[in-house]
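Summary of the model geometry
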Amino acid sequence: MSGTVTLTFPAQTGNVALARTLAAAMSARADLPLDQLEDVRLAVDEAVSQLIIDAAPGSDIACAFTLMGDALDIVVSGTSTSGRTPDADTFSWTVMSALVDTVTARVDAGVVSLRLFVTRHAPVDA
Amino acid sequence: MSEPAARPSRWGEEQRLHERALLDEFARLDHTDPRRASIRDEIVTMHLPLVQHLARRYRDRGEPLEDLVQVGTIGLIKAVDRFDPERGTELSTFATPTILGEIKRHFRDRAWAVRVPRRLQELQAQVVSRTDELTRTLHRAPTVRELAESLGVGEEDVLDALEARHAYATASIDAGGDAEERAAAPVVRSLGIDDPSFGAIEDRESLRPLLEALPERERTIIVLRFFRHMSQTQIAEELGISQMHVSRLLARTLAQLREGMTAD
C-alpha cells in the first residue's frame, strides 16, 4: 500500500484527538505491533501539542501520513509564532525521539515541520 | 398532554379532603419550615400508587420495576414541590407528566450508559486479554490485524476498542482511576530520578519537580520508557500490568507533565 493521508485542523488542543485517532489507524495499516502503535499515537500527540503551543493565532495544523512498506512517515506542520523549531534538549524532544525511530525538524517561511519516521521493529507474518 | 386515570379510584371524599388540606398547608409553610418535610412525605406516600401504575406501563422494557418506581417517585417529589393548589388542578394530573418524564429520561440515560458502550467494554476486555496471550506466543505485541483475526472481529472494531479505552482513561483521570488500575498492585521497584540523562533537560523545564510529584509507578514508567528505552511490552512485564495499561498511564502522565511545563 502507498499514498499519503492528510488531516488539517485548527490549531486548538480540542483537535489533538483527531490526529491521535488517525495515527492509530495508520499505524494499524502499517501493521505495527500494538506497543509501537501506541507509541506512534503518543508521538503524534506530543508533536501536535507542541506545535499548537507555539501556533500563530487562527492557524492550522496539518498531519500527513505516508505508508512505506513496513514504515510510516509522518509530517506534522503548522505556522508558528516564534518561527523556531523545538530544541533538541527539551523533554518533548526526548519523548518523541524515544517513541519513533527518528525525529527531524525544519522551518520554512514560518512553517515548522516535525517529521516522525517509524519502522516496524519485529517481523510480522504477512 | 394530560394522562387519564391519574387518581386512584378507591380514594373517598375524606381522603380527598385530607390531601387538599395537606397541599394547602404545604404551600403555605415557609420553605425553611421543618414541618414541610413530613407533610411532603405524606403527600408522596399517598400518591405512590400513581407512580407504581405509571411505572408498570414500562415494565417489559428491560429495567427492573422497582428502579422505574424509584425514578418515578423523584418525578412525583419534584411535582409536589412545584404544585400550586390555587391553580385548581389535581396534583395527580399535574404530577403525571413529570413522573413519566423521569421514567423516560431513565431509559434514555441507561441506553447511553449501558447499551452502547457495553459492546465496546466487552471488546476492550477481550482485546486486553488476547493481547497478553498473543504477546506470550509471538514474543512481541500483536498487530491490530492479528488481534482482529484472533478475535473474529474487524480491524476497525479493534481500533474502536483501543480508542474507547483511551477516551475512558482521559475521562477517569479526575475520577481516580478504574478497576484495573486499583487492582494492579503497586509493586514498583525503586527507581531513582537522579538519572544522569535528565541532566540536559531539567534546568530549563523544571522537569524534576514535576517528576518528583508523580506517583511512583507513573514516574517509573516514564523513566523506563523515555530514559531507559524499554518498550511498552517490556515495561508491562516488568511491572506485571498489561501493555495497554502502560500505554494509558504513559498518555496520561505525558499530558500532565506537558500541562505542568507550559503552565507558568
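What you see is a predicted model; the values in this text were computed from it and never measured. (Residues numbered from 1 in each chain as written. Chains lettered and ligands numbered in written order. Predicted model: local features only at pLDDT ≥ 70, side-chain atom pairs only at ≥ 80, totals over all residues. Heavy atoms only, no water.)

1. Some details on the overall build of chain A
When you go through chain A residue by residue, the secondary structure sums to three helices and five strands. Sequence-ordered secondary structure for chain A, helices as α and strands as β, is β-α-α-β-β-α-β-β. Here chain A, with 126 residues, has 54% of them falling under the buried criterion. When the accessible surface of chain A is summed, it comes to about 5,200 Å², and 52% of that surface belongs to carbon and sulfur atoms. (Helix = DSSP H or I, 4+ residues; strand = E, 2+ residues; numbered from the N terminus. Buried < 20%, exposed > 50% of the residue type's maximum accessible area, 1.4 Å probe, protein only. Areas by Shrake-Rupley, 256 points an atom, 1.4 Å probe, with all protein chains shown as cover.)

2. Observations concerning the pairing of strand E3 (residues 71–79) of chain A
Residue and element names in this part refer to chain A. In terms of burial, E3 is largely enclosed, as seven of its nine residues are buried. Relative to E3, strand E2 (residues 60–68) runs antiparallel, the two being bridged by eight bridges. Note that in E3 the partner of Leu-67 across the bridge is Leu-72. Turn length for the E2-E3 hairpin, with the two strands adjacent in sequence and antiparallel, is two residues, and the turn residue Gly-69 shows positive phi of about 65°. (Pairing = 2+ DSSP bridges.)

3. Looking at the environment of Leu-67 of chain A
As for its placement among the helices and strands, Leu-67 of chain A is situated in strand E2. Between the alpha carbons of Leu-67 of chain A and Arg-29 of chain A there is a distance of 7.9 Å; along the sequence they are 38 residues apart.

4. A closer look at the confidence of the model for chain B
All names here are of chain B. With 77% of its residues at a pLDDT of 70 or more, chain B shows a mean pLDDT of 78. Counted against residues more than four places away or in other chains, residues 168–193, with its pLDDT under 50, gives 37 contacts. What the predictor reports for the complex is a pTM of 0.64 with an ipTM of 0.87. (pLDDT = per-residue confidence, 0-100. Contact = heavy atoms within 4.5 Å.)

5. Notes on the pattern of salt bridges
One pass over the full model with this rule turns up 18 salt bridges over all chains. As a salt-bridge pair, Asp-39 of chain A and Arg-225 of chain B come within 2.7 Å of each other at their nearest N and O atoms. Taken together, the residues Asp-39 of chain A in helix H2 (residues 34–53) and Arg-225 of chain B in helix H11 (residues 216–227) connect one chain to another. As far as the burial class goes, Asp-39 of chain A and Arg-225 of chain B line up, both buried. Residue Arg-258 of chain B pairs with Glu-46 of chain A through a salt bridge whose shortest N-O separation is 2.6 Å. With Arg-258 of chain B in helix H13 (residues 243–262) and Glu-46 of chain A in helix H2, this pair bridges two chains. The same class applies to Arg-258 of chain B as to Glu-46 of chain A, namely buried. (Salt bridge = Lys/Arg side-chain N within 4 Å of Asp/Glu carboxyl O.)

6. Overview of the interface of chain A and chain B
Of the residues lining the interface, 32 residues belong to chain A; the matching set on chain B comes to 36 residues. In this assembly, chain A packs against chain B so that about 2,800 Å² is buried in total across both faces, 59% of it on carbon and sulfur atoms. If you sort the residues of chain A by the area they bury against chain B, Leu-34, Asp-35 and Phe-91 of chain A come out on top, with a joint share of 26%. Linking chain A to chain B there are five salt bridges. A salt bridge links Asp-45 of chain A to Arg-258 of chain B; the nearest nitrogen and oxygen atoms lie 3.4 Å apart. The tally of links from chain A across to chain B stands at twelve residue pairs in polar contact (both at pLDDT 80 or more). Those elements giving two or more residues to the side of chain A that touches chain B turn out to be helix H1 (16–29), H2 and helix H3 (91–99) of chain A. Looking at which element gives the most residues to the side of chain A that touches chain B, the answer is H2 of chain A, with twelve residues. Residues that form the side of chain A that touches chain B fall into these classes: 17 nonpolar, five polar and ten charged. (Buried area = accessible area lost by both parts, 1.4 Å probe. Polar contact = N/O pair within 3.5 Å; in protein donor to acceptor, adjacent residues only side chain to side chain. Nonpolar A, V, L, I, M, F, W, Y, C, P; charged D, E, K, R; others polar.)

7. Observations regarding H2 of chain A
Taking 1.5 Å of rise per residue, the 20 residues of H2 of chain A would be expected to cover 28 Å, and the 29 Å separating its terminal C-alpha atoms lies within 8% of that figure. With respect to burial, H2 of chain A is a largely interior element, 18 of its 20 residues being buried. (Expected span 1.5 Å × (residues − 1).)

8. As for helix H6 (residues 144–151) of chain B
Residues and elements named next belong to chain B. Taken across its eight residues, H6 has six buried, putting it largely inside the fold. Among the residues of H6, those classed as buried are Val-144, Arg-145, Glu-146, Leu-147, Ala-148 and Leu-151. Two residues or fewer after H6 comes Gly-152, characterised by a positive phi angle close to 70°.

9. Here we look at the packing of aromatic side chains
Within this structure, the stated rule accounts for three aromatic pairs over all chains. Where Phe-91 of chain A meets Phe-226 of chain B, the ring centres are 6.3 Å apart and the plane angle is 80°; that geometry is what we call edge-to-face. A residue pair is termed interchain when its members come from two chains, as with Phe-91 of chain A in helix H3 and Phe-226 of chain B in helix H11. Consider the rings of Phe-91 of chain A and Phe-227 of chain B, whose centres lie 6.2 Å apart with planes at 20°: the pair is stacked. Placement of Phe-91 of chain A in helix H3 and of Phe-227 of chain B in helix H11 is noted, with the two residues assigned to different chains. (Phe/Tyr/Trp six-rings, centres within 6.5 Å; stacked < 30°, edge-to-face > 60°.)

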